[in-house]
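Chain by chain, the residues run as shown.
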Amino acid sequence: MSQGSTLTAACDAVGVNRRTGRRWRQATGGRIPLPEAERLGRYLSLEERLRIADLHVTGTGVRAITVLVGRSTATISRELARGGSKAGPRARTRYAPYAAQKQSELRGRRPKASKFDHPKLAFLVQTTLCVKWSPEQISDHLAAVFPDRQEMRVSLGGDLPGALWGRPG
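Residues numbered from 1 in each chain as written. Predicted model: local features only at pLDDT ≥ 70, side-chain atom pairs only at ≥ 80, totals over all residues. Heavy atoms only, no water.

Visitor: Would you explain helix H1 (residues 7-14) in this entry?
Guide: Every buried residue belonging to H1 is among Leu7, Ala10 and Cys11, and all of these are buried. Looking straight down H1, one finds its buried side chains confined to an arc of 100°; they lie on one side. Set apart from the buried face of H1 by more than 90 degrees, the exposed residues are Asp12 and Ala13. Along its buried surface, H1 packs onto helix H2 (18-27). Of the residues flanking the end of H1, it is glycine 15, one or two places downstream, whose phi is positive at about 75°. (Buried < 20%, exposed > 50% of the residue type's maximum accessible area, 1.4 Å probe, protein only. Helix = DSSP H or I, 4+ residues; strand = E, 2+ residues; numbered from the N terminus. Arc of directions from axis to C-beta. Contact = heavy atoms within 4.5 Å.)

Visitor: Got a minute to help me understand the nonpolar core in this structure?
Guide: The tendency in soluble globular proteins is for nonpolar side chains to be buried as a group. With 10 residues, the main nonpolar core is built from Leu44, Ile52, Ala53, Leu55, Ile65, Val69, Ile76, Leu80, Tyr95 and Ala100. Broken down by element, the residue count for this core peaks at 3 residues, all from helix H3 (residues 46-57). Aside from chain neighbours lying at most four places away, what touches leucine 55 is Thr60, Ile65, Leu68 and Val69. Judged by nonpolar contacts, the second largest core, of 8 residues, contains Leu121, Val125, Ile138 and Met152. (Core = buried A, V, L, I, M, F, W, Y, C linked by side-chain atoms within 4.5 Å.)

Visitor: What's the story with helix H6 (residues 97-107) in this structure? I'm lost.
Guide: Note: α-helices contain 3.6 residues per turn, so residues at a spacing of three or four share the same orientation. Looking only at H6, the buried set comprises Pro97, Ala100, Gln101 and Ser104. Looking straight down H6, one finds its buried side chains confined to an arc of 100°; they lie on one side.

Visitor: What is the right way to read the packing of H1 against H2 from this model?
Guide: Angle between the axes and distance between the axes: these two values describe a pair of packed helices. Their axes nearest at 9 Å, the elements H1 and H2 cross at an angle of 110°. On the basis of the axis angle, H1 is roughly perpendicular to H2. Judged by residue contacts, Leu7, Thr8, Cys11 and Val14 of H1 engage Arg18, Gly21, Arg22, Trp24 and Arg25 from H2. Here the residues of the contact of H1 with H2 sort into 4 nonpolar, 2 polar and 3 charged. (Axes fitted to C-alpha atoms, helices over the stretch in contact; angles between N-to-C directions. Parallel < 35°, antiparallel > 145°, perpendicular 65-115°, else oblique. Nonpolar A, V, L, I, M, F, W, Y, C, P; charged D, E, K, R; others polar.)

Okay, here's the thing in structure tokens:
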């Protein structure tokens, strides 16, 4: 059904009665379950957070968790330090994986505001690109012309659109 099939076609495909298929669909609240997002190695999944929580509760150290989960020590210690839950007197020692996952999802929401939503900055960068200025020249020029206006600055670390520089952005 998630691929666009009707209930009848989906039931026929898996070899169940239509009533059984209807019960399955009702058990999901009438919604077609969405496929799980593909894990992009860079971010911790909910399953990894749950495993970290289980190991942390049993008293397993950060380095041992690192080996068992297959992530770097810095990632695990940062995840435990963030905590996921800030309530209670033992906030630093308590790790809440569901809250941590929710915080992660909120931090990663798209679309994020771009510096190039500022029309004057976008115009200046585009103009200097047209005359073949380098990223360093553009960044230095903007810092010199607008020393007190942070919104009119770009850095080489990601503000400038990567496609314009011939590298990923």
